[in-house]
Amino acid sequence: MRGPNVLGLDNAPRYAYLVAAVLVLTVAFAVVQIVIVRPTLPYAAQVPPGQLVQLGVFTAAACVLFLLRSSDPTAALSVLALALSGIANSGPPAHAPWPGLAGEGLSGLSWISTAIAFPVIALAILYFPSKSPLLVRYPALHALPWLLASPMLVIGTARALHLWGINGLGEIVAWSAAHPSLYFASFSAALALNLAAIVEGVYRYRFNHDANERRRIRMAVYTAVPGVAAYALKDGLPVVSSLLGASIGEIPIAVAAVLHGLILLPAFGLVYAVGVQRVLGPRVVLRRSLQYALASRTMTTIA
């Protein structure tokens, strides 16, 4: 029987166990939603298929990355970012809680995860492939992502706890419902910080002379930039327009499908760039993947 070092947890730092717990929670969230909650909901209350696929892909990517690098701080932040993003983006549509005990539990977890995901994503970017010099020079910057997301975190946690039976938080929930601009402003600021973190990562790439790290950054950037941009258009733009008192209407199905596909890209890029120690360039990876696919097809035809 194989020992616990299969997951690398025998000598792992303590935060690895927290990451493992969040990962287990994410898997449970996906299973309960698909197997128990979704079949009982009307179509309008169900998570759209694209977001359900996103939950599955992000959860699988987080599991693979954790198995590859369970004791690495950058990988730990990336695992948390993938897991929390999967939960946050697969909650109840229009923020209306799902009925039933399981539905209410998943709804509350989604609201809380939305607020936590933003600062975790920002820190994951700032720690990739190594800690940003800005964080070394100004350690207080670690608190900035949490500060910007704090209104979301307070409101989301209050809504979840109130839904779970803590009636004393009813006033906070009622006030936030009457003043949604605070939540929207926090959402917009946190998303803007994530975009700024990507720009800072690209700037660091220009002055990084380590060939392997440059390839890792390039792989992450090639997938993260389209993914974050697609998320900003799909979810961020409606929030900003609501904050400004405007309306952009419903996104066409074809455009939404393309955006969903782009949002999935960081899951693959992060696993490869963070999880693999020696990274090949994106062109080499694509060329070898195509060669392997053609070779496999040729062998199948011959057989």
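Residues numbered from 1 in each chain as written. Predicted model: local features only at pLDDT ≥ 70, side-chain atom pairs only at ≥ 80, totals over all residues. Heavy atoms only, no water.

### Re the overall build of the protein
Each helix and strand counted, the protein has 11 helices and zero strands in total. Written out in order from the N terminus, the α and β elements of the protein read α-α-α-α-α-α-α-α-α-α-α. Relative to all contacts within the protein whose residues are 6 or more apart in sequence, the contacts with residues 24 or more apart total 77%. Total accessible area computed for the protein in this model is approximately 16000 Å², and 70% of it derives from carbon and sulfur atoms. (Helix = DSSP H or I, 4+ residues; strand = E, 2+ residues; numbered from the N terminus. Contact = heavy atoms within 4.5 Å. Areas by Shrake-Rupley, 256 points an atom, 1.4 Å probe, with all protein chains shown as cover.)

### What to know about the packing of helix α2 (residues 49-68) against helix α3 (residues 73-88)
Following both chains from N to C, one finds α2 and α3 inclined at 160 degrees, their axes separated by 8 Å at the closest point. Between α2 and α3, the interaxial angle falls into the category roughly antiparallel. Helix-helix and strand crossings are classified by hand; for α2 and α3 the assignment is left-handed. Here α2 contributes Q54, L55, F58, A61, A62, L65 and F66 to the contact with α3, which in turn contributes A75, S78, V79, L82, A83, S85, G86 and I87. (Axes fitted to C-alpha atoms, helices over the stretch in contact; angles between N-to-C directions. Parallel < 35°, antiparallel > 145°, perpendicular 65-115°, else oblique. Left-handed = near helix turned anticlockwise from the far one by under 90°.)

### Quick word on the packing of aromatic side chains
Counted according to the given criterion, the structure contains two aromatic pairs. Between F118 and F187, the aromatic rings sit 5.0 Å apart at their centres with planes inclined by 75 degrees, giving edge-to-face as the arrangement. Placement of the pair is F118 in helix α4 (residues 100-126) and F187 in helix α8 (residues 181-206), with a sequence separation of 69 residues. A single burial state applies to F118 and to F187, both of which are buried. Stacked on the ring of W111, the Lys or Arg R159 has its end atom at 3.8 Å from the ring centre. (Phe/Tyr/Trp six-rings, centres within 6.5 Å; stacked < 30°, edge-to-face > 60°. Buried < 20%, exposed > 50% of the residue type's maximum accessible area, 1.4 Å probe, protein only. Lys NZ or Arg CZ within 6 Å of the ring centre and 35° of its normal.)

### Focus on the packing of α3 against α4
Remark: α3 packs on α4, axes separated minimally by 8 Å, with the N-to-C direction vectors making an angle of 150 degrees. Classified by chirality, the crossing of α4 by α3 is left-handed. Along the contact surface, α3 presents L77, S78, L80, A81, L84, S85, I87 and A88, while α4 presents L109, S110, S113, T114, I116, A117, V120, I121, L123 and A124. Partitioned by chemical class, the residues of the contact of α3 with α4 number 13 nonpolar, five polar and no charged. (Nonpolar A, V, L, I, M, F, W, Y, C, P; charged D, E, K, R; others polar.)

### Details of the side chain of T26
Along the polypeptide, T26 turns up in helix α1 (residues 15-37). Of note is the side chain of T26, whose polar atom sits 2.8 Å from the backbone oxygen of V22. Once you skip the residues sitting within four places of it in the chain, T26 turns out to touch T59, A83 and I87. (Polar contact = N/O pair within 3.5 Å; in protein donor to acceptor, adjacent residues only side chain to side chain.)

### Quick word on the side chain of S78
Here S78 shows up in helix α3. Apart from residues lying up to four places away in sequence, S78 is in contact with L65, A124, L270 and V274.

### Here's the deal with the confidence of the model for the protein
Residue-level pLDDT values for the protein average 80, and 80% of them are 70 or greater. When mean pLDDT is taken per element in the protein, helix α6 (residues 144-163) scores highest with 95 and helix α11 (residues 282-302) scores lowest with 51. Segment residues 1-8 is flagged for pLDDT under 50; beyond a separation of four residues in sequence, or across chains, it makes six contacts in the model. (pLDDT = per-residue confidence, 0-100.)

### Describing a nonpolar patch on the surface
A cluster of nonpolar side chains, contributed by V27, V31, I34, V35 and I36, occupies part of the molecular surface with about 410 Å² of accessible area. A relative accessible area of 43% places I34 in the partly exposed class. (Patch = residues over 30% accessible without salt bridge, like charges linked within 9 Å, V, L, I, M, F, W, Y side chains within 5 Å. Salt bridge = Lys/Arg side-chain N within 4 Å of Asp/Glu carboxyl O.)

### Re the nonpolar core
Counting 43 residues, the largest nonpolar core has V79, F118 and M152 as the members making the most contacts within it. Elements that contribute at least two residues to this core include exactly α1, α2, α3, α4, α6, α8, α9 (211-243) and α10 (253-275). Broken down by element, this core gets its largest block of residues, eight residues, from α3. If sequence neighbours within four positions are ignored, M152 has contacts with A115, F118, Y183, S186, F187 and A190. (Core = buried A, V, L, I, M, F, W, Y, C linked by side-chain atoms within 4.5 Å.)

### Considering the environment of G201
Counting through the fold element by element, G201 comes out in helix α8. Given the relative accessible area of 12%, G201 is considered buried. For the pair G201 and L126, spaced 75 residues apart in the sequence, the C-alpha separation amounts to 6.8 Å.

### A word on α1
For α1, built from 23 residues, the straight-helix expectation of 33 Å at 1.5 Å per residue is met to within 8% by its first-to-last C-alpha distance of 31 Å. Elements that come into contact with the buried residues of α1 comprise α2, α3 and α4. (Expected span 1.5 Å × (residues − 1).)

### Topic: the environment of P97
Summarising the element assignment, P97 is placed in the loop between α3 and α4. For P97 and A160, which are 63 residues apart along the polypeptide, the C-alpha to C-alpha distance reads 9.4 Å. Setting aside residues up to four positions removed in sequence, P97 forms contacts with P92, S107, W111 and L163.

### Structural notes on the environment of A83
In this fold, A83 is placed in helix α3. Residue A83 is classed as buried on the basis of its relative accessible area, which comes to 1%. Sequence separation between A83 and L25 is 58 residues, and the spatial gap between their C-alpha atoms is 8.9 Å. With residues up to four places along the chain from it excluded, the contact list for A83 reads V22, L23, T26 and A62.

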